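Next come the chains, spelled out residue by residue.
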Amino acid sequence: MTEQSNQFIVYTFGIQIDGVQLEQLKSISGLGLEREVVTTHHTTDKGVEVISKQPGKQIVPSITITRGMTKNKALTEWIKIAHAEGDIDKARKNVTIEMKDNKGTTVSRVTLERAWVSKWTSGDLTAGESNAVDETVTIECEALKVEHV
């Protein structure tokens, strides 16, 4: 008897900032969950060393998205709030990343809570060439939740 694979095959993905869909996504990286490990050592009264590992604080990753620059202003306005206006509290938004199968059905959803943009970079610009320009954005968040649908 062979075991069927339940592995998710992601054909497409999308990202929404407070419900507003971003376009022209190329990649998303940095998604993950991590917790520090606190290791303690002690010796018993019989001289035996005991090592204990306990969960420490949760580490929330920085997420990086790359997309083709567009005229859509949703991302630009979000960046502006944090950087030009300097209002991080107002800039904090919930971000949803959905991974979809070949039928367009969402198979996994990642939610970034109270997220804001810490960094924006433009792709290289070269005079005399007519290339599409990418932009890369680094997103910070306070919590990351993963849900397999």
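Coordinates for the structure precede this section.
Since we're looking at a predicted model, the values are computed, not measured.

Draft legend 1. Just the nonpolar core, in detail. In this structure, I15, W78, L112 and I139 are the most contacted members of the largest nonpolar core, which totals 22 residues. Here the element with the most residues in this core is strand β8 (residues 106-122); it accounts for 5 residues. Excluding anything up to four places from it in sequence, W78 contacts I17, A91, K93, V95, A115, W116, V117 and I139.

Draft legend 2. Up close: helix α1 (residues 74-83). For α1, the set of buried residues is L75, W78, I79, I81 and A82. For α1, the angular spread of buried residues about the axis comes to 155°, placing them on one side. The inward-facing, buried residues of α1 contact β1 (12-17), β6 (63-68), α2 (88-91), β7 (93-100), β8 and β9 (134-140).

Draft legend 3. Spotlight on the environment of V117. Assignment of secondary structure puts V117 in strand β8. For the pair formed by V117 and N131, sequence separation is 14 residues and the distance between their alpha carbons is 25 Å. Beyond its immediate sequence surroundings of up to four residues, V117 is in contact with W78, I79, A82, H83, V137 and T138.

Draft legend 4. Looking closely at the environment of T70. With respect to the helices and strands, T70 occurs in the loop between β6 and α1. According to the relative accessible area criterion, T70 is partly exposed, its value standing at 23%. In this structure, the C-alpha to C-alpha distance between T70 and E23, residues 47 residues apart in sequence, is 7.7 Å. Ignoring any residue separated from it by four or fewer positions in sequence, one finds T70 in contact with E23 and Q24.

Draft legend 5. Molecular detail of the pattern of salt bridges. What the rule picks out here adds up to 11 salt bridges. Note that K93 is salt-bridged to D18, the shortest N-O span being 4.0 Å. Of this pair, K93 sits in strand β7 while D18 sits in the loop between β1 and β2 (20-21), placing them 75 residues apart in sequence. Put simply, E142 and R114 hold a salt bridge, and the shortest N to O gap is 2.8 Å. In this pair, E142 sits in the loop between β9 and β10 (143-148) while R114 sits in strand β8, placing the two residues 28 residues apart along the sequence. Its relative accessible area of 43% is what places E142 among the partly exposed residues. Because the salt bridges share partners, they merge into one network encompassing D89, R92, R114 and E142.

Calculation criteria
- Throughout this document, residue positions are counted from 1 along each chain, in the order its sequence is written.
- Local features in a predicted model are, by the rule used here, given only for residues with pLDDT of at least 70; side-chain atom pairs are given and counted only at 80 or more, and totals for whole chains, interfaces and linings are based on all residues.
- Based on all heavy atoms of the structure, the side-chain values leave hydrogens and waters out of the count.
- Within this scheme, the nonpolar core is defined by two criteria: the residues are buried Ala, Val, Leu, Ile, Met, Phe, Trp, Tyr or Cys, and they are joined through side-chain atoms within 4.5 Å.
- Each residue is placed in one exposure class: buried if its accessible area under a 1.4 Å probe, protein chains only, is under 20% of its type's maximum, exposed if it is over 50%, and partly exposed if it falls in between.
- Helical segments are the DSSP runs of H or I of at least four residues, strand segments are the runs of E of at least two, and each set is numbered from the N terminus.
- We call two residues in contact whenever any of their non-hydrogen atoms come within 4.5 Å of each other.
- Each C-beta atom gives one direction from the helix axis, and the arc is the one those directions make.
- Any Lys or Arg side-chain nitrogen found within 4 Å of a carboxyl oxygen on Asp or Glu counts as a salt bridge.

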